[in-house]
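# Report on the structure
If you want the building blocks of each chain, they are given just below.
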Amino acid sequence: QKEVEQNSGPLSVPEGAIASLNCTYSDRGSQSFFWYRQYSGKSPELIMFIYSNGDKEDGRFTAQLNKASQYVSLLIRDSQPSDSATYLCAVIPDDKIIFGKGTRLHILP
Amino acid sequence: DTEVTQTPKHLVMGMTNKKSLKCEQHMGHRAMYWYKQKAKKPPELMFVYSYEKLSINESVPSRFSPECPNSSLLNLHLHALQPEDSALYLCASSQVGPLEGYTFGSGTRLTVV
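Predicted model, so just to flag it, every value in this text is computed and none were measured. (Residues numbered from 1 in each chain as written. Chains lettered and ligands numbered in written order. Predicted model: local features only at pLDDT ≥ 70, side-chain atom pairs only at ≥ 80, totals over all residues. Heavy atoms only, no water.)

## Quick notes on the overall build of chain B
- A tally of helices and strands in chain B yields 0 helices and 11 strands.
- Mapped from its N terminus to its C terminus, chain B presents α and β elements in the order β-β-β-β-β-β-β-β-β-β-β.
- A globule of 113 residues ought to have a C-alpha radius of gyration of about 13 Å, and chain B, at 13 Å, matches this closely.
- Here the C-alpha coordinates of chain B stretch approximately 40 × 25 × 20 Å along the principal axes.
- Put simply, chain B has 113 residues, and 48% of those count as buried.
- Taking the contacts inside chain B whose residues are at least 6 apart along the sequence as the reference set, 54% of them involve residues at least 24 apart. (Helix = DSSP H or I, 4+ residues; strand = E, 2+ residues; numbered from the N terminus. Rg over C-alpha atoms; globule rule 2.2 N^0.38 Å. Buried < 20%, exposed > 50% of the residue type's maximum accessible area, 1.4 Å probe, protein only. Contact = heavy atoms within 4.5 Å.)

Structure, rendered in structure tokens:
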């Protein structure tokens, strides 16, 4: 069974601080890794993808991948109230995406 | 604006009704997907079309019937649904071998009464 694990939260972070979201996956052959943001009642929105070990930065967002540890994370710097959402980690082990259950992030004003 | 367009945005239907959900993309993607999402749960894959052919069917009940008329369009025909089928139905598209992820439509909020 190919699995993607996330802490469901809620994760509460003060405005302006760094939010750190974590995800582990079971299939060592996975090649592509994604972070989706989903506001309540809305569809998922792709915010980051990463293929290679290390860090990938895009604005306030940094994705980190460690294939040896089967671990992918998302850092959000200078957290804003608009970052409050559910963040879905997703992995492609073969020909389709496997989603984690998501982490609810709450930014405290 | 999303590049994957879904209609209608909201649908209320009775258990004896027949309705269809529609999805359209113009990104040149050759893979299209239907997902079902219940509240506070991740999206669940229902169907995958690759090059207009059904490639994955995740044991979805026959009251859901997908159709892919061409590479830009994807329909989901609904018949004799149950109240527990009420959910957000998401269409997505990607390149085949979706290494750059999926683009989701805004979804159809379906309520079965």
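That shown, we press on.
## What about the interface of chain B and chain A?
- Every contact between the two is made by 18 residues of chain B and, on the other side, 20 residues of chain A.
- Summed over both partners, the interface of chain B with chain A comes to about 1,500 Å²; 61% of that surface belongs to carbon and sulfur atoms.
- Looking only at chain B, the three residues that lose the most surface to chain A are L99, Y102 and F104 of chain B, adding up to 31% of its buried area.
- Our count for the contact surface shared by chain B and chain A stands at 1 salt bridge.
- Close ionic contact of K96 of chain A with E58 of chain B constitutes a salt bridge, the shortest N to O distance being 3.4 Å.
- Applying the counting criterion to the chain B and chain A interface returns 5 residue pairs in polar contact (both at pLDDT 80 or more).
- Mapped by element, the contributors of at least two residues to the side of chain B that touches chain A are β4 (31-37) and β9 (87-94) of chain B.
- Grouping the constituent residues of the side of chain B that touches chain A by class yields 11 nonpolar, 4 polar and 3 charged. (Buried area = accessible area lost by both parts, 1.4 Å probe. Salt bridge = Lys/Arg side-chain N within 4 Å of Asp/Glu carboxyl O. Polar contact = N/O pair within 3.5 Å; in protein donor to acceptor, adjacent residues only side chain to side chain. Nonpolar A, V, L, I, M, F, W, Y, C, P; charged D, E, K, R; others polar.)

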